[in-house]
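Now for the letters of each chain:
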Amino acid sequence: MKPKTLIFMKPFTIKNPTLDEQNAFMMRETVNEVECADLGTIYNNDQLYGKNLSEFIKQEVKRLRPKWIIAEGECATVALTLKNQKKVLLNPKVAFDNLNDVPEHTRQNTFGFFDDRHEQDYERFQSVYPHAAWFPQDDDLTLFTIKEAVQSIIETGEW
């Protein structure tokens, strides 16, 4: 059975983390996994750790051909480069190269959500993609925080 949605969670990338940073990451990941499991097939840090995210995500999308991709952080940055794929991205890093030669299908079917720490990425993203939202009061946006909007998007194609 082909999965309808693949969810690539934010991977753990802090070098020399403190115990508090490790615990905060684990709690965030656990809450997101438990509360958002009904959205699709989740790839958490266990599946992502140590992998070349660019190659891994592209291989999984090619192999499983999902209807939607949901991705956070570095995974969202990788997913932003995928063409002709419906996707919901949380805090991708947006380079000017990501804004050139974007097919219309990709423009209309890519949704971006950004927290306060990613304002510059939001500004770049919304210059090309019409479906962008910025949360200036939130400095750590999670999938759980915007679950209802994401669920509406993957079910109807609208928010």
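Let me begin by describing the structure that accompanies this report. (Residues numbered from 1 in each chain as written. Predicted model: local features only at pLDDT ≥ 70, side-chain atom pairs only at ≥ 80, totals over all residues. Heavy atoms only, no water.)

Once the charged atoms of two side chains with opposite charge are near each other, the side chains can pair. Inspection of every chain in the model, using the stated rule, returns seven salt bridges. Here D140 makes a salt bridge to R28, at a shortest N to O gap of 3.5 Å. Taken together, the residues D140 in the loop between β6 (131-135) and α7 (147-156) and R28 in helix α1 (residues 19-36) connect sequence positions 112 residues apart. Overall, D140 belongs to the partly exposed group, its relative accessible area being 34%. R63 is paired through a salt bridge with E60; the nearest N and O atoms lie 2.9 Å apart. Of this pair, R63 and E60 both sit in helix α3 (residues 53-64), three residues apart, roughly one helical turn. (Salt bridge = Lys/Arg side-chain N within 4 Å of Asp/Glu carboxyl O. Helix = DSSP H or I, 4+ residues; strand = E, 2+ residues; numbered from the N terminus. Buried < 20%, exposed > 50% of the residue type's maximum accessible area, 1.4 Å probe, protein only.)

Looking now at helix α4 (residues 73-80). For α4, a buried count of six out of eight residues is recorded, marking the element as mostly surrounded by other parts of the structure. Among all positions in α4, only G73, C75, A76, V78, A79 and L80 are buried. Lining the buried residues of α4 we find β1 (5-8), α2 (45-48), α3, β3 (68-72), β4 (86-90) and α6 (119-126). (Contact = heavy atoms within 4.5 Å.)

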